[in-house]
Amino acid sequence: MAKKTENKTGNTNTSLRKAKSAKNDEFYTQLADIERECEHYKEQFRGKVILCNCDDPRVSNFFRYFFTSFYRLGLKKIISVCYKNLNPDLFSQHKDEQAVYCIYDGKDRNDDVIEDGDYEAFVKRNEWNVLQGNGDFRSEECIELLKQADIVVTNPPFSLFREFVAQLVEYDKKFIIIGSKNAVSYKEIFPLIVENKLWLGYGFNGGNAYFKILPEAKGNFADGVYDEETGLVKFRNISWFTNLDTKKRHEVLDLFSRYSPERYSHYDNYDAIEVSKVADIPCDYDGKMGVPITFLDVYNPEQFEIICDSRYNDLENPDRQNDVLLNGIPTYRRIIIRKRQRTTI
């Protein structure tokens with residue numbers, strides 16, 4: 001069993017890293033979490049084609065949410081794609097079946113209108129379109145389905161997050177997807193954040209994300225992460241990523257702290273000050289500041305500019321290869337920011 005280690009905020013990340021390194025991508029999102037996030041974008045869903053391209057329509061809570069809210073959200077169409085290797089221990093009724101997909105436009109195969117909420121009946125009586133391949137989002141036939149979509153909403157494989165986002169960017173798609181918060185530091189992801197092409201969504205309730213996993217995978221997780229009774233694992237270092245506009249991106253962060261050299265240390269090897277808590281961002285300092293990655297939860301691009309992160313993604317000095325140091329010691333990962341406008345109180 002994985003050894004439990006905690007960072008300064010008390011978050012347990014060992015199990016997530018172990019799952020990722022083992023390419024354990026069988027995490028099934030809870031319906032309540034999908035509902036809570038997607039309701040913020042309901043006006044942007046209207047008249048759109050939604051693609052859930054990592055989701056078996058027979059069991060996916062993503063497809064269930066959009067199916068049961070089809071008319072309420074005013075959707076044009078839902079496309080849901082199943083990967084072939086659906087684990088029989090979790091969903092034995094679909095053991096050894098081919099990869100399938102579903103295109104739903106508000107009617108069933110008999111051209112009958114289905115009212116919102118009749119998901120179980122739809123699954124029982126529907127016939128599924130069979131894919132020639134295994135349903136991998138990178139396959140040609142899945143890309144053809146992607147081209148039909150306006151917005152992609154899914155929980156992509158954690159181990160393929162970089163490739164998944166790259167594909168969405170390549171085909172200029174809107175999206176709401178789940179990933180590790182550590183992804184903000186990836187060299188493929190960080191520039192998208194800086195360029196305001198990707199940002200964090202509203203997040204999970206209380207910062208806790210719960211996923212159903214395969215029974216045989218429970219040994220990958222530390223005590224307190226996997227719940228034997230519910231079959232769920234709990235992560236705190238998980239977030240929603242999107243490029244759909246959110247109200248919170250335009251909310252001004254109130255700043256109350258005042259700068260003083262005694263309170264805010266300057267990095268040894270980088271021209272910026274250390275701000276260990278987002279709440280402590282000074283209102284009267286216009287230079288560069290290193291803040292925790294949790295800053296992205298309240299990031300307003302009209303109020304702040306992101307310069308780089310504290311390690312390798314320095315867009316102003318791309319040759320820099322060193323962590324920022326504080327009294328000779330590398331800090332936890334920081335995002336280097338500065339205010340776009342002076343905030344007064």
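Residues numbered from 1 in each chain as written. Predicted model: local features only at pLDDT ≥ 70, side-chain atom pairs only at ≥ 80, totals over all residues. Heavy atoms only, no water.

Participant: Please clarify how empty space enclosed by the protein should be interpreted in this entry.
Facilitator: If you roll a probe as big as a water molecule over the atoms, it shows you where there is empty space left. Within this structure, the stated rule accounts for 1 cavity of 30 Å³ or more. Empty space within the largest cavity amounts to approximately 60 Å³. Lining the largest cavity are Ile-193, Trp-199, Leu-200, Lys-248, Arg-249, Leu-296, Asp-297, Val-298 and Tyr-299. Looking at the lining of the largest cavity, its residues break down into 6 nonpolar, no polar and 3 charged. (1 Å grid on protein atoms, 1.4 Å probe; cavity = no way out; pocket = protein on both sides within 12 Å on 5 of 7 lines; lining within 4 Å. Points joined across faces, edges and corners; volume = space filled by probe spheres on them. Nonpolar A, V, L, I, M, F, W, Y, C, P; charged D, E, K, R; others polar.)

Participant: What's the story with the environment of Ser-69 in this structure? I'm lost.
Facilitator: Here Ser-69 lies in the loop between helix H4 (61-68) and helix H5 (70-73). Given the relative accessible area of 6%, Ser-69 is considered buried. C-alpha separation for the pair Ser-69 and Lys-42, spaced 27 residues apart in sequence, amounts to 9.9 Å. At a separation of 3.1 Å, a polar atom in the side chain of Ser-69 contacts the side chain of Arg-72. (Helix = DSSP H or I, 4+ residues; strand = E, 2+ residues; numbered from the N terminus. Buried < 20%, exposed > 50% of the residue type's maximum accessible area, 1.4 Å probe, protein only. Polar contact = N/O pair within 3.5 Å; in protein donor to acceptor, adjacent residues only side chain to side chain.)

Participant: Looking at this model, I keep getting lost on the sheet that holds strand S7 (residues 174-180). Mind explaining?
Facilitator: Think of a sheet as strands paired side by side through backbone hydrogen bonds, with each pair either parallel or antiparallel. The strand order across the open sheet built from 8 strands is S5-S4-S3-S2-S6-S7-S12-S8, with neighbouring strands paired in mixed fashion. The two strands at the open ends of the sheet, each matched to only one other strand, are strand S5 (129-130) and strand S8 (199-200). Pairing of strand S2 (residues 49-52) with strand S6 (residues 151-154) involves 2 bridges; the strand directions are parallel. Considered in S6, the bridge of Leu-51 is made with Val-152. Helix-sheet contacts for helix H7 (residues 140-148) involve S2, strand S3 (77-81), strand S4 (100-104) and S6, and the interaxial angle to S3 is about 160°. Set on the sheet, helix H8 (residues 161-170) makes contact with S6, S7 and strand S12 (238-242); between it and S7 the angle comes to about 170°. (Pairing = 2+ DSSP bridges. Contact = heavy atoms within 4.5 Å. Axes fitted to C-alpha atoms, helices over the stretch in contact; angles between N-to-C directions.)

Participant: What exactly am I supposed to notice about unusual backbone geometry here?
Facilitator: For residues that are not glycine, phi is negative in most cases, and the peptide bond is trans in most cases. Even without glycine at this site, Asn-196 takes up a positive phi of about 55°. Overall, the relative accessible area of 27% leaves Asn-196 in the partly exposed class.

Participant: Where do I start with the packing of aromatic side chains in this structure?
Facilitator: To describe a pair of aromatic rings, one takes the distance between the centres and the angle between the planes. The full count for this structure, using the stated rule, is 30 aromatic pairs. When the ring of Phe-27 is compared with that of Phe-235, the centres are 5.6 Å apart and the planes differ by 65°; the resulting orientation is edge-to-face. Here the residue Phe-27 occupies a position in the loop between helix H1 (14-21) and strand S1 (28-29), and Phe-235 occupies one in strand S11 (residues 232-235), the gap between them amounting to 208 residues. Residue classification places Phe-27 among the buried positions, given a relative accessible area of 6%. Relative accessible area serves as the criterion here: at 1%, Phe-235 is assigned to the buried category. Judged by centre distance (5.0 Å) and plane angle (70°), the rings of Phe-70 and Tyr-104 are edge-to-face. You can see Phe-70 sitting in helix H5 and its partner Tyr-104 sitting in strand S4, a full 34 residues away along the chain. Its guanidinium or amino end placed over the ring of Phe-137, Arg-138 lies 5.3 Å from that ring's centre, counting from NZ or CZ. (Phe/Tyr/Trp six-rings, centres within 6.5 Å; stacked < 30°, edge-to-face > 60°. Lys NZ or Arg CZ within 6 Å of the ring centre and 35° of its normal.)

Participant: So what exactly am I meant to see when it comes to the pairing of strand S18 (residues 334-339) here?
Facilitator: Two faces belong to every sheet, and in a regular strand the side chains alternate between them. Here S18 lies mainly inside the structure; 5 of its 6 residues are buried. Where strand S14 (residues 289-292) meets S18, 4 bridges bridge the pair, whose relative direction is antiparallel. Its bridge partner being in S18, Met-289 is matched across the sheet by Ile-337. Relative to S18, strand S15 (residues 304-309) runs antiparallel, the two sharing 5 bridges. Across the sheet, residue Phe-304 finds its bridge partner in S18, namely Lys-339.

Participant: Is there a simple way to explain the pattern of salt bridges in this structure?
Facilitator: One side chain can pair with another of opposite charge once the charged atoms of both are near each other. Scanning the entire structure with this criterion turns up 18 salt bridges. Of the charged contacts, one joins Arg-58 and Asp-56 as a salt bridge, the two residues approaching to 2.7 Å between their closest N and O atoms. The shortest N-O distance in the salt bridge between Asp-284 and Arg-258 comes to 3.9 Å. Here Asp-284, found in the loop between strand S13 (273-274) and S14, pairs with Arg-258, found in the loop between S12 and S13; they are 26 residues apart in sequence, far enough to count as distant. Residue classification places Arg-258 among the partly exposed residues on the basis of a relative accessible area of 45%. (Salt bridge = Lys/Arg side-chain N within 4 Å of Asp/Glu carboxyl O.)

Participant: I keep staring at the side chain of Ser-257 and nothing clicks. Help me out?
Facilitator: When you line up the elements, Ser-257 lands in the loop between S12 and S13. Setting aside residues up to four positions removed in sequence, Ser-257 forms contacts with Arg-263, Tyr-264, Ala-279, Asp-280, Ile-281, Pro-282, Cys-283 and Asp-284.

Participant: Help me out: how do you make sense of the pairing of S2 in this one?
Facilitator: The side-chain alternation of S2 yields two buried faces, one formed by Val-49 and Leu-51 and the other by Ile-50 and Cys-52. In this sheet, S3 lies alongside S2 in parallel orientation, the contact comprising 4 bridges. What sits directly across from Leu-51, in S3, is Ile-79.

That's the geometry; what it means functionally is another story.
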